[in-house]
Amino acid sequence: MSVLVDKFDVFAGGFWLTLQICVLAAIGALILGAVVAVLRISPVPPLRALGTAYVTIFRNMPLTVVMFFAAFALPALGSNADFLRIPGLDVVFTRLSTDLPYFRFALIALTLYTAAFVCEALRSGINAVPPGQAEAARSLGLTFGQNLRYVVLPQSWKASIVPLGSVIIAMIKNSALIGFFGVVGDLSQSADQLTSAEGYAFIPVAIGISIGYLIMTVPLGALLDRIERRQAVAAR
Amino acid sequence: MSSVLYDVPGPRQRRLTLIISVLAALLVAAGAYYLIYLPLDEKGQFSMELWGPLIDPSNENFVLVWERIWVGIENTLIAAGLAIVASLIIGTLLAILRLQLKSLAGRRYAGLSTPVAYLLRGLGSGLAVLTRVCVEVFRGLPVVITIFFVARGLPEFGVTLETLWYLVIGLTVYNGVVIAEILRSGMEGLPFGQREAAVAIGLSPFQTTTLILLPQSFRIMLPALISQLVVVLKDTSLGFIISYEETLNIGKQIIGVLSNPIQVYFVIAVLFILVNYSLSKLAQYVQRRLARGRKTAALPTASEVATPVDAGANV
């Protein structure tokens, strides 16, 4: 078990890197997902088709393939994702500004992939708003935008919290893939490094890595369960 | 669905929609052309040299490439099929077990002496807590990590298997737990009268679960279960980390020879999207059929179904 103490900095560093990419990808996915959700419910057919196409493609493609696309197609398109070196942000998240672009590629892949699920979570929240509400708003003469802003979205927010949380949890778990894909130093890559290259005993390393992920996923899941139960009681 | 958000458009609105539609379509097309097509074309990514082996039957490599891809698809389907069957079995057993333990934990053991009764109650709730912890741990760990741990861990204990089995075990550990939770939430969502009726005709808790609750739970949770199939199918692509020869790994091998990553990944992505999209459509169809059928049990609402589906929304 000494590896847990000796290599504590490796575990902590891996946890920190995984947390960083999760925070960044969550922010990106929430923004992009909201945009796609707006596209999907907009009254303009081509925009709706665009949103639907996006969701269909990214929901049905394995994240692994998305990640490979990000790593191969982006350089082919002549980009190494430099636009993610956002001034100020790259001071806090130093990996954004490194010369090895894998972190940014992984971030893009995770964001694009998760956004499709965020969109669906938001839409399920919008669908949960009783149609009578929107009808009432419409009969009051509110426009589409007003209807969304003042009536539907504030209520849908409540119904989408739980599915959104599930999406974020899934995203945290998906982030484990980045280590197998070129990003050095996150939790999953540390597991590989410590067990195969440095030859540490398997069980303690597995425990350390598992704790790292469980710290992020289990409390969030418990919180969601509580919210869900409270909402179920309130709805009765 | 969302049509309730806006009225049936009048002439002015229709004109406006048309104008915005055309503008938006142009914008999207221009974006696709300038940001995706042109850069790819400049790099010569549309040359037949790169695409030929995949789409041109007269190409010398065409047959070879597709033979390999077919091997990959077969392997993917084998792994997915085994993982699905295994997770369904494990999931069902786990769901039954958790429900039994829950009813056991609430039992009073009247008629037994006090210490024995307390011991049994402690044992019951202890086991209930233990299964709960197992569920939380295996659900909270990324599948990649589970597969990796299985492939790295089992050989340490002297169990060496083919890579297929590592993948299947890893997928089963995760998806079994997820399916167990889907089935359990289905059973607990059933009206309580079902259970009371079962008790009234003298069924034991085990009989109640297996004869009354479980079959209904399978029925109402069918859409969520089918969506979980999509997740398993997508997750088989993780086999590449333990070098199982599934579709993606074969793709990597092809790229190694022909060096056309974008084209190969494009074809693989299309394959996955086609299969998974039809599975999702099947889930939707089943859901609609169920919604139309007899309503003995309150069907879960859209958001409730969405939750387990998205919670399992892995890789």
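An unreviewed UniProt entry lists chain B under the name Amino acid ABC transporter permease, from Actinoplanes sichuanensis. On record in UniProt, under Subcellular location (unreviewed entry), the comment for chain B is "Cell membrane". Annotation of chain B in UniProt includes, under Sequence similarities (unreviewed entry), the sentence "Belongs to the binding-protein-dependent transport system permease family."

Looking at an unreviewed UniProt entry, one finds chain A named Amino acid ABC transporter permease, with Actinoplanes sichuanensis as its source organism. In its Sequence similarities (unreviewed entry) section, UniProt records this for chain A: "Belongs to the binding-protein-dependent transport system permease family. HisMQ subfamily."

Novice: When you look at the overall build of chain B in this model, what are you seeing that I'm missing?
Specialist: Along the backbone of chain B there are twelve helices and zero strands. At 26 Å, chain B has a C-alpha radius of gyration far larger than the 20 Å of a compact globule built from 315 residues. Along the three orthogonal principal directions, the C-alpha set of chain B runs to about 85 × 70 × 25 Å. Within chain B, buried positions represent 45% of all 315 residues. In chain B, 73% of the contacts between residues at least 6 apart in sequence involve partners at least 24 apart. When the 24 basic and 19 acidic side-chain charges of chain B are each reduced to a single mean position, those positions are 18 Å apart.

Novice: Can you help me understand the UniProt feature "transmembrane region" (unreviewed entry) in chain B in this one?
Specialist: All names here are of chain B. When the UniProt feature table is mapped to this numbering, "transmembrane region" (unreviewed entry) covers residues 16-36, 77-97, 118-151, 163-183 and 262-279. Helix makes up 100% of residues 16-36 and strand 0%. Its end C-alpha atoms lie 29 Å apart. As annotated, residues 77-97 comprises 100% helix and 0% strand, and the C-alpha atoms at either end are separated by 30 Å.

Novice: Sorry, what's going on with the environment of B:A197 here?
Specialist: Residue and element names in this part refer to chain B. By the secondary structure assignment, A197 is in helix α7 (residues 192-200). When its relative accessible area of 41% is taken as the criterion, A197 is described as partly exposed. Residues A197 and I212 lie 15 residues apart in sequence; the distance between their C-alpha atoms is 9.7 Å.

Novice: In this structure, what is going on with helix α1 (residues 11-42) of chain B? I would like to understand it.
Specialist: One full turn of an α-helix is made of 3.6 residues, so residues set three or four places apart face in the same direction. Its 32 residues give α1(B) an end-to-end C-alpha distance of 45 Å, which sits within 8% of 46 Å, the value for a rise of 1.5 Å per residue. Most pronounced at B:Y33, the bend in α1(B) amounts to some 35°. If you follow the buried residues of α1(B), they end up packed against α3 (45-60) and α4 (63-76) of chain A together with α11 (261-292) of chain B. Of the residues flanking the end of α1(B), it is B:G44, one or two places downstream, whose phi is positive at about 70°.

Novice: Help me understand helix α8 (residues 144-174) of chain A in this model?
Specialist: For α8(A), with 31 residues, the first-to-last C-alpha span of 36 Å runs short of the 45 Å given by 1.5 Å per residue. Its axis deflected by about 50° at A:V152, α8(A) carries its strongest bend there, up to four residues before the proline A:P154.

Novice: Explain the pattern of salt bridges here, please?
Specialist: Side chains carrying opposite charge are able to pair once their charged atoms draw close together. All names here are of chain A. One pass over the full model with this rule turns up eleven salt bridges over all chains. Between E120 and R123 there is a salt bridge; the shortest N-O distance is 3.2 Å. Of this pair, E120 and R123 both sit in helix α6 (residues 102-128), three residues apart, which is roughly one turn of the helix. The pair E120 / R123 is uniform in exposure class, with both members buried.

Novice: Honestly, the interface of chain B and chain A in this entry has me stumped. Any pointers?
Specialist: Many analyses report the size of an interface as the accessible area lost when the parts associate. Of the residues lining the interface, 62 residues belong to chain B; the matching set on chain A comes to 64 residues. In this assembly, chain B packs against chain A so that about 5300 Å² is buried in total across both faces, 72% of it on carbon and sulfur atoms. On the surface where chain B and chain A come into contact, there are zero salt bridges. Secondary-structure elements contributing two or more residues to the side of chain B that touches chain A are α1, α4 (114-140), α5 (143-156), α9 (222-235), α10 (247-258), α11 and α12 (302-311) of chain B. Of the residues in the side of chain B that touches chain A, the class split is 40 nonpolar, twelve polar and ten charged.

What counts, and at which threshold
As a convention, each chain's residues are numbered from 1 in the sequence order in which they are written. Chains carry letters and ligands carry numbers; both start at the beginning, A for chains and 1 for ligands, and go up in the order they are written. Where totals are concerned, whole chains, interfaces and linings use all residues; where local detail is concerned, this predicted model gives features only for residues with pLDDT of at least 70, and gives and counts side-chain atom pairs only at 80 or more. Working from all heavy atoms in the structure, the side-chain values ignore hydrogens and water. UniProt positions are given in the numbering used here, feature names are shortened, and annotations may be inferred rather than shown by experiment. Strands here are runs of E lasting at least two residues and helices are runs of H or I lasting at least four, both read from the DSSP assignment and numbered beginning at the N terminus. Every radius of gyration here is taken over C-alpha atoms, with the globule rule written as 2.2 Å times N^0.38, N being the number of residues. Accessible area is worked out with a 1.4 Å probe on protein chains only. A residue is then buried under 20% of its type maximum, exposed over 50%, and partly exposed in between. We call two residues contacting when some pair of their heavy atoms lies within 4.5 Å. In summary, the charge assignment counts Lys and Arg as positive and Asp and Glu as negative, without counting His or the chain termini. Every charge is mapped to an atom, namely NZ of Lys, CZ of Arg, CG of Asp or CD of Glu. Each helix should span, by expectation, one fewer than its residue count multiplied by 1.5 Å. Think of it this way: the bend at a residue is just the angle between two axes, each fitted to seven residues, one set ending at that residue and the other starting at it. Salt bridges are counted wherever a side-chain nitrogen of Lys or Arg sits within 4 Å of a carboxyl oxygen of Asp or Glu. Put simply, buried area is the surface a 1.4 Å probe can reach on two separate parts but cannot reach once they are joined, added for both. Following the grouping adopted for this structure description, the nonpolar residues are Ala, Val, Leu, Ile, Met, Phe, Trp, Tyr, Cys and Pro, the charged ones are Asp, Glu, Lys and Arg, and the polar ones are all others, Gly among them.

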